[in-house]
Amino acid sequence: MLRAIALTRRDPVRDITLLHPASFGIAAGDRVVITGPSGSGKSVFLRALALLDPVDDGTIQWRGQPIARGAIPSYRRRVAYIAQRPAMLDGSVEDNLRYPFSLKVYRDVRFDRARVVELANRAGREAGFLDKRASDLSGGEAQIAALIRVLQVDPDILLLDEPTASLDPASALEIEALVDAWFAGGRGERASIWVSHDPAQAQRVGERQLVMTAGVLA
Ligand SMILES: Nc1ncnc2c1ncn2[C@@H]1O[C@H](COP(=O)(O)OP(=O)(O)OP(=O)(O)O)[C@@H](O)[C@H]1O
Ligand SMILES: [Mg+2]
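Here, residues in each chain are numbered from 1, in the same order as that chain's written sequence. Each chain is given a letter, starting from A, and each ligand a number, starting from 1, according to the order in which they appear as written. Confidence filtering applies because this is a predicted model: local features only for residues at pLDDT of at least 70, side-chain atom pairs given and counted only at 80 or more, and all residues used for totals across whole chains, interfaces and linings. Neither water nor hydrogens contribute to the side-chain values; these are computed over all heavy atoms in the structure.

With respect to the overall build of the protein
Per the secondary structure count, the protein includes seven helices and ten strands. C-alpha atoms of the protein, sized along the principal axes, occupy 45 × 40 × 40 Å. Split into buried and exposed, the 218 residues of the protein put 49% on the buried side. Long-range pairs, those at least 24 residues apart, make up 71% of the contacts in the protein with a sequence separation of at least 6. For the accessible areas, the method is Shrake-Rupley and the probe is 1.4 Å, while residue cover comes only from the protein chains on display. Carbon and sulfur atoms form 51% of the exposed surface of the protein, whose accessible area is close to 10600 Å². Under this rule, positive means Lys or Arg and negative means Asp or Glu; His and the chain ends count for nothing. A charged residue contributes its charge at one atom only: NZ of Lys, CZ of Arg, CG of Asp or CD of Glu. If you average the places of the 28 positive and of the 27 negative side-chain charges in the protein, the two averages end up 5 Å apart. By the criteria applied, helices consist of DSSP H or I runs no shorter than four residues and strands consist of E runs no shorter than two, each listed in order from the N terminus. Think of it in three bands: with a 1.4 Å probe and only protein chains considered, a residue is buried below 20% of the maximum accessible area for its type, exposed above 50%, and partly exposed in between. We call two residues in contact whenever any of their non-hydrogen atoms come within 4.5 Å of each other.

Let's talk about the sheet that holds strand β2 (residues 16–26)
The strand order across the open sheet formed by four strands is β2-β1-β4-β5, and the pairing between neighbours is antiparallel. The two strands at the open ends of the sheet, each matched to only one other strand, are β2 and β5 (65–66). Of the pairings in the sheet, the one linking strand β1 (residues 2–11) to strand β4 (residues 57–62) comprises five bridges and is antiparallel in character. Its bridge partner being in β4, Ala4 is matched across the sheet by Ile60. DSSP bridges decide pairing: two strands pair if at least two such bridges lie between them.

A closer look at helix α5 (residues 139–151)
The end-to-end C-alpha separation of α5 is 18 Å, in line with the 18 Å expected for 13 residues at 1.5 Å each. Of all 13 residues in α5, twelve are buried; the element is thus mostly enclosed. Gly140, Glu141, Ala142, Gln143, Ile144, Ala145, Ala146, Leu147, Ile148, Arg149, Val150 and Leu151 are the residues of α5 that are buried. Buried-residue contacts for α5 involve β6 (79–82), α3 (93–98), α4 (113–122), β7 (157–161) and α6 (169–185). The span you would expect from a helix comes to 1.5 Å times its residue count less one.

Some points on the sheet that holds strand β3 (residues 31–35)
Read from one edge of the open sheet, six strands run β6-β7-β8-β3-β9-β10, paired in mixed fashion. Unpaired on one side and paired on the other, β6 and β10 (216–217) mark the two borders of the sheet. Here strand β9 (residues 208–213) runs beside β10; their pairing, made up of two bridges, is antiparallel. In the strand pairing of β10, Met212 is matched with Leu217. Running at roughly 155 degrees to β7, helix α1 (residues 42–49) makes contact with β3, β6, β7, β8 (191–195), β9 and β10 of the sheet. Here an angle of 0 to 180 degrees is reported between the N-to-C directions of two axes, which are lines fitted to C-alpha atoms, with helices fitted over the stretch in contact.

Concerning the coordination of the magnesium ion (ligand 2)
Metal coordination here is assigned from N, O and S atoms located within 2.8 Å of the ion, or within 3.2 Å for Na, K and Ca; omission of water means that sites may look incomplete. Each protein donor to the magnesium ion (ligand 2) is listed here as Ser43 (OG) and Gln84 (OE1); together their distances run 2.0 to 2.3 Å. Note that Ser43 is positioned in helix α1 and Gln84 in the loop between β6 and α3, a separation of 41 residues in sequence.

Things to note about the environment of Arg190
Inspection of the secondary structure puts Arg190 in the loop between α6 and β8. Along the backbone, Arg190 and Ile157 are 33 residues apart, and their C-alpha atoms lie at a distance of 5.8 Å. In contact with Arg190, other than residues within four places in its own chain, are Met1, Ala28, Gly29, Asp30, Asp154, Pro155, Asp156, Trp182, Phe183 and Gly185. Polar contact criterion, stated in full: a pair of N or O atoms within 3.5 Å, where within protein one must be able to donate a hydrogen and the other to accept it, and residues adjacent in sequence count only if both atoms are side-chain atoms. Polar side-chain contacts of Arg190 include one of 2.6 Å to the backbone oxygen of Trp182.

Some thoughts on the packing of aromatic side chains
Centres within 6.5 Å are what make two rings of Phe, Tyr or Trp a pair, Trp counting through its six-membered ring; a difference in plane orientation under 30 degrees is then read as stacked, over 60 as edge-to-face, and the rest as tilted. Here the structure, examined in full by the defined rule, presents five aromatic pairs. Judged by centre distance (6.5 Å) and plane angle (55 degrees), the rings of Phe101 and Tyr106 are tilted. The buried category is assigned to Phe101, whose relative accessible area is 18%. By relative accessible area, which is 10% here, Tyr106 ends up buried. In textbook terms, an aromatic cluster arises when at least three aromatic residues are bridged by ring pairs, as seen for Phe101, Tyr106 and Phe111. Here, a charge over a ring is recorded when the distance from Lys NZ or Arg CZ to the ring centre is within 6 Å and its angle to the ring normal is within 35 degrees. Between the NZ or CZ atom of Arg31 and the centre of the ring of Phe183, over which it lies, the distance is 4.1 Å.

Comments concerning the packing of α5 against α6
One way to put it is that α5 packs onto α6 with a least axis distance of 12 Å and a crossing angle of 5 degrees. Accordingly, the angle class assigned to the pair α5 and α6 is roughly parallel. Only Ile175, Leu178, Val179 and Trp182 of α6 make contact with α5, whose side of the interface consists of Ile144, Leu147 and Leu151. The residue inventory of the contact of α5 with α6, partitioned by class, reads seven nonpolar, no polar and no charged. For classification, angles of less than 35 degrees are called roughly parallel, those exceeding 145 degrees roughly antiparallel, those between 65 and 115 degrees roughly perpendicular, and all remaining angles oblique. When residue character is reported, Ala, Val, Leu, Ile, Met, Phe, Trp, Tyr, Cys and Pro are called nonpolar, Asp, Glu, Lys and Arg charged, and the others, Gly included, polar.

By themselves, these figures tell us nothing about what the structure is for.
Below, the structure is given as structure tokens:
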């Protein structure tokens, strides 16, 4: 589905390499886990894959083709990055969940309140969760809202950057189950990369284990 060839990222200010040439492929059905110390470049790598940050070298291919500049929004619809500390807009959780539908790339789909309430329930949140102010969310609640915001639009690949780092163990298991359900809904056509510091979780959510060490993916 997705292939990165010699993806490289430097920090021009400190003149150091954040991501050494990383080559990586992910096929339908793959469940990849990336572990590694804090500051080793896991988020840098995921953000590069999502085309959120400019890279200094290397290319990304989506289904065998390079991604043209104009195709980046639709690529990001297919390959969804869920940030470690998700950004929320002012307003309610529901406003945040509705936001993607205001973008051109989602004009063919409609916000489905019943569906997001169901996703919230499965993440252990009542319907009232949608009425909370986004600025009042705890770190874990913001992670749940960000995951629902992405799951409601059925991406093909999830790039999950420590999505349960701020959650209690029971909520973390609910998030794992939500991702499992998304996987099952894709009939083998979906794939995920999950960054985790928790070895037990890494065992549960991944079949392919990679380690990032000082910007080197292996
Ligand atoms: N835009 C940037 N410009 C310069 N340096 C950056 C940038 N983004 C990240 N870094 C640096 O790159 C290194 C890797 O950061 P990254 O966020 O990828 O770590 P990580 O492996 O995700 O760590 P953690 O497990 O704590 O989330 C860090 O030293 C960080 O300070
Ligand atoms: Mg990180």
